[in-house]
Amino acid sequence: MADRLDATKLAAARLKAAQRYPFLGVALYALTPVAAPGLGTFGVDARWRLLLDPVNLDEWSVDEVSGVLLHEVGHVVRDHAGRAK
């Protein structure tokens with residue numbers, strides 16, 4: 001199904017990101033994954049929801065997903081949403 005997330009791949013990518021940058025581990029696992037079909041990428045919001053396009057999750061490698069997760073977690077730990085207000 002195009003709106004279902006591959007939980008195993010997401011878990012592997014989170015683990016890889018946390019192993020690479022352990023100080024971001026709590027933040028990586030605090031994000032709540034939400035399927036966002038048609039988004040065309042990943043994103044985060046002020047409520048620490050991780051919006052993921054299931055197609056991208058399927059197409060990208062674990063290494064690529066890990067890198068994108070690290071990028072996205074950077075937005076929430078730096079409070080970009082709060083600073084944008």
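This text follows the structure it describes.
Residues numbered from 1 in each chain as written. Predicted model: local features only at pLDDT ≥ 70, side-chain atom pairs only at ≥ 80, totals over all residues. Heavy atoms only, no water.

The next point concerns the pattern of salt bridges. All told, the structure shown has two salt bridges when counted by the stated rule. A salt bridge links Asp63 to Lys16, with the nearest nitrogen and oxygen atoms 2.9 Å apart. Separated by 47 residues along the polypeptide, Asp63 in helix α4 (residues 62–77) and Lys16 in helix α1 (residues 7–20) bring together distant segments of the chain. Under the relative-accessibility criterion, Asp63 is labelled partly exposed at 48%. Measuring nitrogen to oxygen at the nearest pair gives 2.5 Å for the salt bridge that ties Asp45 to Arg49. Looking at Asp45, the relative accessible area reads 17%, which means it is buried. (Salt bridge = Lys/Arg side-chain N within 4 Å of Asp/Glu carboxyl O. Helix = DSSP H or I, 4+ residues; strand = E, 2+ residues; numbered from the N terminus. Buried < 20%, exposed > 50% of the residue type's maximum accessible area, 1.4 Å probe, protein only.)

Below, the discussion takes up the side chain of Arg14. With respect to the helices and strands, Arg14 occurs in helix α1. There is no salt bridge for the buried Arg14, and the closest opposite charge comes from Asp45, which lies 12 Å off by N-O distance. Polar side-chain contacts of Arg14 include one of 2.5 Å to the backbone oxygen of Leu31. Once you skip the residues sitting within four places of it in the chain, Arg14 turns out to touch Leu28, Tyr29, Leu31, Thr32, Pro33 and Leu69. (Lys, Arg positive; Asp, Glu negative; His and termini not counted. Polar contact = N/O pair within 3.5 Å; in protein donor to acceptor, adjacent residues only side chain to side chain. Contact = heavy atoms within 4.5 Å.)

It is worth spelling out the packing of aromatic side chains at this point. Within the structure shown, the criterion is met by two aromatic pairs. Look at Tyr21 and Phe23: their rings are 5.7 Å apart centre to centre, the planes differ by 75°, and that puts the pair in the edge-to-face class. Exposure remark for Phe23: the relative accessible area of 67% places this residue in the exposed category. For the pair Phe42 and Trp60, a centre-to-centre distance of 5.0 Å together with 45° between the ring planes defines the contact as tilted. Note that Phe42 is positioned in strand β2 (residues 42–44) and Trp60 in the loop between α3 (54–59) and α4, a separation of 18 residues in sequence. (Phe/Tyr/Trp six-rings, centres within 6.5 Å; stacked < 30°, edge-to-face > 60°.)

The next subject is unusual backbone geometry. Even without being glycine, Trp48 reaches a positive phi, approximately 65°. Of the residues examined, Trp48 reaches a relative accessible area of 29% and is grouped as partly exposed. A positive phi is found at Asp79, a non-glycine position, where the angle reads about 50°. Position of Asp79 among the secondary structure elements: in the loop between α4 and α5 (80–84).

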